[in-house]
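Notes for the structure review
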Amino acid sequence: MTSDAAPAESEGPVRLGFVCVQNAGRSQMSAAFAEREVARRGLEERVEIVTGGTHPADEVHPVVVDAMAEIEIDVSDRTPREVSTEELEACDVVATMGCSTLELDADSVEIRDWALPDPHGAEREEVREIRGTVEAAVVALFDELFGEPSDSEPAADGQFEEA
């Protein structure tokens with residue numbers, strides 16, 4: 001899908017889904033980075049984000065909460081939730097984290113498997129690496145769907161890029 005292939009604004013917002021089994025690590029990071037991209041690109045009226053899991057955990061993995069806090073993104077108040085097939089089939093793009101057994105109508109949803117390692121039980125440094133990979137994947141998805149941000153928008157690290 002290219003930026004020209006993104007649904008027109010008249011068709012309603014672009015719905016992006018981020019899914020893993022527990023909705024306690026990778027999909028939570030993905031949703032948080034997607035929310036940041038929506039805000040920094042001014043896409044609040046154009047994008048809806050859905051996240052969930054097929055068998056949600058009781059809480060977001062503490063190591064994920066800590067890793068995201070290191071870059072000033074607070075996911076401590078999030079609760080993993082179950083996501084329905086209907087919710088995901090209403091999405092334009094669904095990114096699975098390499099662990100999903102979802103069976104979606106592929107004709108109506110673009111499914112991408114990002115095949116990311118699970119941060120649950122991982123050492124802090126590995127979780128940081130996973131976080132970086134997730135961030136890059138989300139930014140690349142937004143670049144593809146909506147074009148790269150202008151020079152007046154902050155870069156992924158929160159800093160403004162030089163023109």
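Read on for an overview of the structure. All residue numbers refer to position in the chain's written sequence, counted from 1. Thresholds applied to this predicted model are a pLDDT of at least 70 for local features of residues and 80 or more for the giving and counting of side-chain atom pairs; totals over whole chains, interfaces and linings are not thresholded and use all residues. Hydrogen atoms and water are omitted, and side-chain values are computed over all heavy atoms in the structure.

Attention now moves to the packing of helix 1 (residues 26-41) against helix 4 (residues 124-146). Viewed as axis vectors pointing N to C, helix 1 and helix 4 meet at an angle of 45°, and their least axial separation amounts to 9 Å. It follows from the interaxial angle that helix 1 and helix 4 lie oblique. Crossing handedness for the pair helix 1 and helix 4: right-handed. Counting all contacts with helix 1, which are made through R26, M29, S30, F33, A34, R36, E37, V38, R40 and R41, the residues of helix 4 involved are I130, R131, V134, E135, V138, V139, F142 and D143. Among the residues forming the contact of helix 1 with helix 4, the class breakdown is nine nonpolar, one polar and eight charged. Working convention: axes come from line fits to C-alpha atoms, limited for helices to the stretch in contact. Angles between N-to-C directions cover 0 to 180 degrees. Starting at the N terminus, helices and strands are each numbered in turn, a helix being any DSSP run of H or I of at least four residues and a strand any DSSP run of E of at least two. Note on angle classes: values under 35 degrees are labelled roughly parallel, values over 145 roughly antiparallel, values of 65 to 115 roughly perpendicular, and the remainder oblique. In a left-handed crossing the near helix is turned counterclockwise from the far helix by less than a right angle, and in a right-handed crossing that turn is clockwise. Any two residues having at least one pair of non-hydrogen atoms within 4.5 Å are treated as being in contact. Any residue outside Ala, Val, Leu, Ile, Met, Phe, Trp, Tyr, Cys, Pro, Asp, Glu, Lys and Arg is labelled polar, Gly included; the first ten of those are nonpolar and the last four are charged.

Following the sequence through the fold, R131 ends up in helix 4. Residue contacts for R131: discarding those within four places in its chain leaves M29, F33, A67, M68, E70 and I71.

The next subject is the sheet that holds strand 3 (residues 93-96). Strand order across the open sheet formed by four strands is 2-1-3-4, with parallel pairing between neighbours. In this open sheet, the two strands that pair with only one neighbour each are strand 2 (47-53) and strand 4 (110-113). Going across the sheet, the axis of each strand differs from the next one's by a mean of 20°, ignoring polarity. As paired strands, strand 1 (residues 14-20) and strand 2 are joined by seven bridges and run parallel to one another. By the bridge assignment, G17 is partnered in strand 2 with V50. Most of the contacts of helix 1 go to strand 2, to which it runs at about 170°, and overall it touches strand 1 and strand 2. For two strands to count as paired, DSSP must find a minimum of two bridges between them.

For the rest of this paragraph, the subject is the side chain of H61. In this fold, H61 is placed in the loop between strand 2 and helix 2 (62-69). Each residue is assigned to one of three classes by its accessible area relative to the maximum for its type, calculated with a 1.4 Å probe on protein chains only: buried under 20%, partly exposed between the two thresholds, exposed over 50%. According to the relative accessible area criterion, H61 is buried, its value standing at 6%. For H61, the contacting residues outside a window of four places in its chain are Q22, A24, G25, D118 and H120.

Moving on, we get to the pattern of salt bridges. The working definition used for a salt bridge is a side-chain nitrogen of Lys or Arg within 4 Å of a carboxyl oxygen of Asp or Glu. Tallied over the entire structure, the rule returns 16 salt bridges. Of the charged contacts in the structure, one is a salt bridge between E70 and R128, with a shortest N-O distance of 2.8 Å. Of this pair, E70 sits in the loop between helix 2 and helix 3 (85-89) while R128 sits in helix 4, placing them 58 residues apart in sequence. Judged by its relative accessible area of 28%, R128 falls in the partly exposed class. E125 is the salt-bridge partner of R128, the closest N and O atoms lying 3.1 Å from each other.

With that out of the way, let us pick up the packing of aromatic side chains. The geometry of an aromatic ring pair is captured by two quantities: the separation of the ring centres and the angle between the planes. Pairing of aromatic rings covers Phe, Tyr and Trp, the last through its six-membered ring, and needs centres within 6.5 Å; plane angles under 30 degrees mean stacked, over 60 mean edge-to-face, and all others mean tilted. Evaluation of the coordinates by the stated rule reveals two aromatic pairs. Ring geometry for F18 against W114: centres 6.0 Å apart, planes inclined by 50°, an arrangement best described as tilted. Placement of the pair is F18 in strand 1 and W114 in the loop between strand 4 and helix 4, with a sequence separation of 96 residues. Seen from their ring centres, F142 and F146 are 5.6 Å apart, and the 40° between their planes marks the pair as tilted. In this pair, F142 and F146 are both assigned in helix 4, four residues apart and thus about one turn of the helix distant. Overall, F146 belongs to the buried group, its relative accessible area being 17%.

Moving on, we come to unusual backbone geometry. When glycine is set aside, most residues are seen to have a negative phi, and most peptide bonds are trans. Notably, N23 is not glycine yet its phi reads approximately 55°, a positive angle. Checked against the element boundaries, N23 lands in the loop between strand 1 and helix 1. A relative accessible area of 0% places N23 in the buried class. A positive phi angle is found at A115, which is not glycine, with a value near 45°. Take A115: it is sitting in the loop between strand 4 and helix 4.

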